[in-house]
Structure formats: structure tokens, C-alpha cells
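Coordinate analysis (summary)
Here is how the chains run, residue by residue.
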Amino acid sequence: MPVDHYENFPVASWLLPRRLRRPVEAIYRFARSADDIADEGNAPAAERLAQLAAYHAELDRIERGDTPTDPIIFGPLAIAIREFAIPLAPFRDLLSAFAQDVEKTRYAHFGEVMDYCRRSANPVGRLMLHLYGDHDPRHLAYSDAICSSLQLINFLQDIAVDYRKDRVYLPQDELAALHVSEKQIADGDARGTWNMMMGRQIERTRKLLQAGAPLGRQLKGRVGLELRVTILGGETILRKLHADPGCVFHNRPVLTKKDWMLMLGRALY
């Protein structure tokens, strides 16, 4: 399941093959630092966008074969990109999503949310599959479903957290149809049709996660185990959200030590 600050990313865990840990760490450092630019601190929007533009410029340098000017983030990333012939499009998609977070705070319908997921989450899975040497189109589709569902789970976990940043990732048309107002989110009010709204979000997300789940059985060895644990983590959070849809206001659902033990056991056997 997602760990640490940048969600939906297996951060060079002990389950990964040793040879992949350094490139995964380099990719994670890139994604986390870029996400921090969009999310953390009090810098004005123009400054954040300028910093993200500088990340684009560093990718352009790597593409040309030049030495990056940032040795901490882009030095290791350049080595990984060249060693594994990693395409640059997923990195640019991530930067596009982070820039969107600076400028866009509401989503009119689910199609807009999924377009964001396509750029904010799906590139992670595609980068991982590339490192594994897996280019099967069917596996890429499974991966996209898993990554998008994990992003949606994160949105549901963080409804209150995101609102404090003036962001609402719940589709506006669906909120309006069920008469759920942003004032309810601001007040932490789970009365009325809140549970019904959350139930629909949870069920759609569960179906998307299940659509990608076969990939966890098709990938072999430690890579498959890592993915099965990730999928089970998503399922566990969804169960907690389903049991208490209002918990996002008072007790953000997280994975406990017991959850991790159960997930690992199920993933193994």
C-alpha cells in the first residue's frame, strides 16, 4: 500500500529485487520532491509553477544527454533513465498533474478526475513495469486500473485534508445530485446523504481496483508479492471507509501493524 509522503509508490521496499532499489529510489525522490513543490509551504502559485518548469528543463537536459544541474534529484534519476532506457513521458505526465494541483481545485465530473489520475498515478505503475521489463499491453491496462484506484482511495482518505488546502477531488456533479455541500466537508458533517455519496465512491473504486487485481497474480516472484500486498492494502482501506464513511473527518483510515501482517499472509498464501 502507499507509504510515506508521496502516495501510490512502493518505495524501494525489501520486497523489490535489489537491482531495482536504486532506480526506484531515484524515481520516488523525483516524484516526492515535485509533489512537495505543488503541495507544501506557502509559496505563491507562480513560484510553484516556475519550480515545476525547472523540473521540465532538467528532464530536457537528460533527454539531450546533458548533465543535469541538480545533482541530488536529477543526477541519480539520469543514471537510472540511461541504465534502464526509461521513457520520459511518464515523468512529464507527473509534472503535468502536479502543476494542475497548483491551478485546479475542483473537478466537474468523474471524467476529469480520471484524467488527473491518468497523469498523477498511472505513470508510477508504468515506470515500475518498465523497470521489470514488462511491456505487455494487458499488464499496462491492469496497472492503470490499480494505480487510478489507489489515487481515488487516497482522495477518499484525504477529503478533509485536501479541503484544508482548498481542494475537492469529489466530482461536483455527483455531490450536487446527492445534495452534499462543501459546507458539510468544511464542518465535518456526515449527516444526510453523506454515507450514500461515499458508498457510491467506494464501490466504483473497489470495482476499478478489482479490475486490475489479476496483475498481482500474473507478475511472478517478489514483484508480484509487492503488488498483491499493495492491492490488499487498498482493499483494507476501502473496507474501513465503508464501515465508517464519516471517519475521514475524525479518524482518517490508515493501515495498522495487524493489517500489514494479515495482508502479507494473504499475499503469500
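Heads up: these notes are all about the structure in this document. Numbers given for residues are sequential positions, taken from 1 along each chain in its written order. At least 70 in pLDDT is required for a residue's local features to be given in this predicted model, at least 80 for side-chain atom pairs to be given and counted, and no such filter applies to totals for whole chains, interfaces and linings, which use all residues. Side-chain measures here rest on the full set of heavy atoms in the structure, leaving out hydrogens and waters.

What to know about the overall build of the chain
Going along the chain from the N terminus, every DSSP run of H or I of four or more residues is numbered as a helix, and every run of E of two or more is numbered as a strand. Tallying secondary structure elements over the chain gives 15 helices and zero strands in all. Taking 18 Å as the expected radius of gyration for a compact globule of 269 residues, we find that the chain reaches 19 Å, a close match to that expectation. With respect to the principal axes defined by its C-alpha atoms, the chain has extents near 55 × 50 × 30 Å. The buried share of the chain, reckoned over its 269 residues, is 52%. Only heavy atoms matter for contacts: two residues are in contact if any of them lie within 4.5 Å across the pair. Across the chain, every contact between residues at least 6 apart in sequence was considered, and the portion connecting residues at least 24 apart equals 67%. Here Asp and Glu are counted as negative and Lys and Arg as positive; His is not counted, and neither are the chain ends. A single reference atom marks each charge: NZ on Lys, CZ on Arg, CG on Asp, CD on Glu. Side chains of the chain give 36 positive and 35 negative charges; the mean places of these two sets differ by 7 Å. Two things to know: the radius of gyration comes from C-alpha atoms, and the globule rule equals 2.2 Å times the number of residues to the power 0.38. Accessibility here uses a 1.4 Å probe with only protein chains present; expressed as a share of the type maximum, an area under 20% marks a residue as buried, one over 50% as exposed, and anything in between as partly exposed.

What about the pattern of salt bridges?
By salt bridge we mean one thing: a side-chain nitrogen of Lys or Arg within 4 Å of a carboxyl oxygen of Asp or Glu. With the rule as written, the count across this model stands at 17 salt bridges. Between Asp 115 and Arg 118 there is a salt bridge, and its shortest N-O distance comes to 3.1 Å. Taken together, the residues span about one helical turn, with Asp 115 and Arg 118 both in helix α5 (residues 110–120) at a distance of three residues. Of the residues examined, Arg 118 reaches a relative accessible area of 40% and is grouped as partly exposed. Connected through salt bridges with shared partners, the residues Asp 60, Glu 63 and Arg 92 form a single ionic network.

Observations concerning the state of the cysteines
Criterion for a disulfide: a pair of cysteine sulfur atoms within 2.5 Å. In total, this model carries zero disulfides according to the counting rule given. No disulfide involves Cys 117; its sulfur sits 9.9 Å from the nearest other cysteine sulfur, which is in Cys 147. Note on Cys 117: relative accessible area 0%, which makes it buried. Summary of cysteine pairing: Cys 247 is not part of a disulfide, and the nearest cysteine sulfur, belonging to Cys 117, is at 19 Å. By relative accessible area, Cys 247 is classed as buried at 5%.

Let's talk about the nonpolar core
Among the nonpolar cores identified, the biggest contains 36 residues, and Ile 159, Leu 170, Trp 194, Met 197, Met 198 and Leu 241 are the most heavily contacted of them. Of all elements in the fold, only α7 (137–157), α11 (194–212), α13 (221–243), α14 (247–250) and α15 (257–268) reach the threshold of two or more residues within this core. The biggest single contributor to this core is α13, with nine residues. Here Met 198 is in contact with Leu 156, Ile 159, Leu 241, Pro 245 and Val 248, once residues within four sequence places are set aside. Core analysis: the second largest hydrophobic core is formed by 33 residues, Ile 62, Phe 74, Ala 78 and Ala 80 among them. In this text, buried Ala, Val, Leu, Ile, Met, Phe, Trp, Tyr and Cys residues form a nonpolar core when linked through side-chain atoms within 4.5 Å.

Looking at the packing of aromatic side chains
The pairing test for Phe, Tyr and Trp rings, Trp by its six-membered ring, is centres within 6.5 Å, and the orientation test on the planes gives stacked under 30 degrees, edge-to-face over 60, and tilted for anything in between. For the structure shown, the criterion picks out 10 aromatic pairs. Here the aromatic rings of Phe 30 and Phe 74 are separated by 5.9 Å at their centres, their planes lie at 80°, and the arrangement is edge-to-face. Of the two residues, Phe 30 sits in helix α1 (residues 18–39) while Phe 74 sits in helix α3 (residues 74–84), which places them 44 residues apart along the sequence. Accessibility expressed as a relative area gives 1% for Phe 74, which makes it buried. Geometrically, the ring pair formed by Phe 30 and Phe 91 is edge-to-face, given 5.3 Å between the ring centres and 90° between the ring planes. Taken together, the residues Phe 30 in helix α1 and Phe 91 in helix α4 (residues 89–103) connect sequence positions 61 residues apart. Each of the two residues, Phe 30 as well as Phe 91, counts as buried. To sit over a ring, a charge needs its Lys NZ or Arg CZ within 6 Å of the ring centre and within 35 degrees of the ring normal. The positively charged end of Lys 104 is found above the aromatic ring belonging to Tyr 107, 5.1 Å away from the centroid. One residue, Arg 204, lies across the ring of Phe 110, its end atom 3.7 Å from the ring centre.

Some thoughts on the environment of His 179
Following the sequence through the fold, His 179 ends up in the loop between α9 (172–177) and α10 (182–187). Overall, the relative accessible area of 70% leaves His 179 in the exposed class. When the C-alpha atoms of His 179 and Glu 40 are compared, they prove to be 32 Å apart, with 139 residues separating the residues in sequence. The contact partners of His 179, leaving out residues within four places of it in the chain, are Gln 184 and Thr 193.

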